[in-house]
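Chain by chain, the residues run as shown.
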Amino acid sequence: MKTNNIIVFSIAIFMLAISCNQRNEKQDSKQENSNESPISKQINSEIKKWQTELLFNGEVGPPCGNDYQKWMQENPDTYFGLPEKIESKTCDFNNDGKQDILLYFPAGSPCNGGNGEGSDFTELIFSKDNEYLYNKNLTFKIEQKINEEFSNLTSTYSNRSIFSITDFNNEIMGKFTLWLKDDAHCCPSYGGSFKYNLITRKMTLNINKTAKQ
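Parameters and conventions
Residues numbered from 1 in each chain as written. Predicted model: local features only at pLDDT ≥ 70, side-chain atom pairs only at ≥ 80, totals over all residues. Heavy atoms only, no water. Phe/Tyr/Trp six-rings, centres within 6.5 Å; stacked < 30°, edge-to-face > 60°. Core = buried A, V, L, I, M, F, W, Y, C linked by side-chain atoms within 4.5 Å. Buried < 20%, exposed > 50% of the residue type's maximum accessible area, 1.4 Å probe, protein only. Contact = heavy atoms within 4.5 Å. pLDDT = per-residue confidence, 0-100. Disulfide = S-S within 2.5 Å. Helix = DSSP H or I, 4+ residues; strand = E, 2+ residues; numbered from the N terminus.

1. Section: the packing of aromatic side chains
So, step 1. Enumeration over the complete set of coordinates arrives at eight aromatic pairs.
So, step 2. An aromatic cluster of at least three residues, connected via ring pairs, comprises W50, Y79, F80, F105 and F121.

2. Some points on the nonpolar core
So, step 1. Counting 23 residues, the largest nonpolar core has I142, I146, I172 and F194 as its most contacted members.
So, step 2. With residues near it in sequence (within four places) discarded, I172 still touches L102, L138, I142, I165, D167, F194, K195, Y196 and L198.
So, step 3. Judged by nonpolar contacts, the second largest core, of 14 residues, contains L54, F80, I86 and A107.

3. Remarks on the confidence of the model for the protein chain
Low-pLDDT stretches of the model should not have their predicted coordinates read in fine detail.
So, step 1. Chain-level pLDDT for the protein chain is 87 on average; 83% of the residues reach the 70-or-more range.
So, step 2. Low confidence marks residues 6–14, where pLDDT is under 50. Its contacts with residues over four positions away, or in another chain, come to zero contacts.

4. Topic: the state of the cysteines
So, step 1. Counted by the stated rule, this structure contains two disulfides.
So, step 2. Between the sulfur atoms of C64 and its disulfide partner C111 the distance amounts to 1.7 Å. The S-S bond linking C64 to C111 shows a torsion near -75 degrees; that makes this disulfide left-handed. On the criterion of sequence distance, the pair formed by C64 in the loop between α2 (38–56) and α3 (68–74) and C111 in the loop between β2 (100–105) and β3 (121–128) is long-range, its members being 47 residues apart.

See the structure below:
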């Protein structure tokens, strides 16, 4: 009888230890979440919301799979897929004391087996009058400004341009590639770097002529 009591007591102690460990793990998890900064929480929330919007609006499809024909059949109206990670950068570009958020990700290779290229997908979340607003047209605007400034500087019209973001520090900075009318897909005539001021909407280009293949 005494042996049975010892066994029961040992089991009770073991179960109590497991319960305490589980409680401690939950408390540690809550502590980690509570230590997350408000801007980090906002970024994570905005990324999830943006992913849902992109998929629902058909701007991108799900991540690319190994079978591009199957992906194309399941997503006939889309070209690019969601990436594994969406990048974010913060900066108080309008100097109101609140951090503004730039979300972006490279278009990457088309999921349907094509050979097209695209600019980074972008979304800007910025503070104004005690609320956050959204610029969901930023990719188009930057491409437009690159083309316009290139024409102003060279008196030559571009056929199209694409860009990738490298930094966000008061201005959006990145690299661009630009095609003239007679350029083949493989061989754009120009490339370079850019800076785009969100307040003045001024585009600054550093243009380089590329070597034709």
